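Below are the chains, spelled out letter by letter.
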Amino acid sequence: MVDAVVVRATGGPEMLEFTQVDVPAPGPGALLVDVAAAGVNYLDTYHRRGLYPKDLPFTPGNEGAGVVRAVGPDVTDFSVGDRVAWADVAGSYAQQAVVPVDKAFAVPAGIDDEVAAAAMLQGLTAHYLVTSTYPVKPGDTVLVHAAAGGVGLLLVQAAKSRGGKVIGTVSTAEKEELARSAGADEVIRYTETDFAAEIDRITGGVGVAAVYDGVGKDTFDRSMDCLATRGMLVLFGQASGPVQPVDPQRLNTGGSLFLTRPMLAHHLATTEEYRWRCDELFSAISAGRIDIRIGARYPLADARKAHEDLEGRRTTGKLLLIP
């Protein structure tokens, strides 16, 4: 038996049960990995709440890093003892996880397991958002909501590395300092001022080329007001709740705007695309162009506390569970 977190019914953080489960076995094309660290993400809270339905019971968690304990039949790309990281793999809130070979990435030397686990889902999200959804170009001005959060800090760095000017929104002075340290050119405390009015002032009424919005309900309407003509609202999350239906005519009257609701899995469509994004992400980390900030570490048994802190917006950077 191994320690794991299990959700037997959807609901609040109290639904996260720390228990023991049978040792999983790797099938063909899969690895059994001793989990060194598992990442905590808003996606996990959506699954726990039933917003994105899953069959019950289930073990949450979609990313992590660790050491290969066993390999399934016909596996030749990895061996026992290899260090690997993964994303878009269910069941990572556990001492051991089964990881498909096509989702495993060999962790480069010089990057420790915690950084690797912290980088995967949020780092790959930031990568696809600035390279594929709205590819940031030199001179673009973009708005990043929750700029001191896990994805936000990486988005700021990724957009800056592509020559963009980044405006971030945060809630506190501490978070403003973090966003600026990541490279944000301007930071707006949305708790003290109307961020759309500030965008209008900062851009001289032009607006921004893109808004990267992982907050959702609380920011969506005013985010659309921030866009320049033919700007793009990238709604990649809904931390504050789902957005209500939108009249497409609003995109017309706003200036021929674009609205998209992307997700990571659609940008890891092939093994080649997955490995390409991982290669670029870890090369940037190794070169010091991307800094992974781990905001807090929790024992696996404290997964409930991690979810409470995340949903209570009491966190910055990346949260990890340590089995």
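Before going into details, it helps to say that this report is about the structure given with it.

Procedures and definitions
Residues numbered from 1 in each chain as written. Predicted model: local features only at pLDDT ≥ 70, side-chain atom pairs only at ≥ 80, totals over all residues. Heavy atoms only, no water. Salt bridge = Lys/Arg side-chain N within 4 Å of Asp/Glu carboxyl O. Buried < 20%, exposed > 50% of the residue type's maximum accessible area, 1.4 Å probe, protein only. Helix = DSSP H or I, 4+ residues; strand = E, 2+ residues; numbered from the N terminus. Pairing = 2+ DSSP bridges. Axes fitted to C-alpha atoms, helices over the stretch in contact; angles between N-to-C directions. Contact = heavy atoms within 4.5 Å.

## A look at the pattern of salt bridges
Logical step 1: Within this structure, the stated rule accounts for 24 salt bridges.
Logical step 2: Residue Lys217 pairs with Asp218 through a salt bridge whose shortest N-O separation is 3.1 Å.
Logical step 3: The class of Asp218 is partly exposed, set by a relative accessible area of 48%.
Logical step 4: Among the salt bridges present, the one from Arg250 reaches Asp225, with a minimum N-O distance of 3.6 Å. Of this pair, Arg250 sits in helix H7 (residues 249–253) while Asp225 sits in helix H6 (residues 220–225), and the two are 25 residues apart along the sequence.
Logical step 5: Given the relative accessible area of 45%, Asp225 is considered partly exposed.
Logical step 6: Salt bridges sharing partners connect three or more residues here, namely Asp194, Asp221, Arg222, Asp225 and Arg250.

## Topic: the sheet that holds strand E10 (residues 186–189)
Logical step 1: If you walk across this open sheet you meet the six strands as E10-E9-E8-E11-E12-E13, and the pairing is parallel. Every interior strand has two partners, whereas the edge strands, E10 and strand E13 (258–260), have only one. The average angle at which neighbouring strand axes cross in this sheet is 15 degrees, direction not considered.
Logical step 2: Summarising the sheet, strand E9 (residues 165–170) and E10 pair through four bridges and their orientation is parallel. Note on E10: the bridge partner recorded for Val170 is Arg189.
Logical step 3: Contacts from helix H4 (residues 173–181) reach E9 and E10 within the one sheet, and its direction differs from that of E10 by about 160 degrees.

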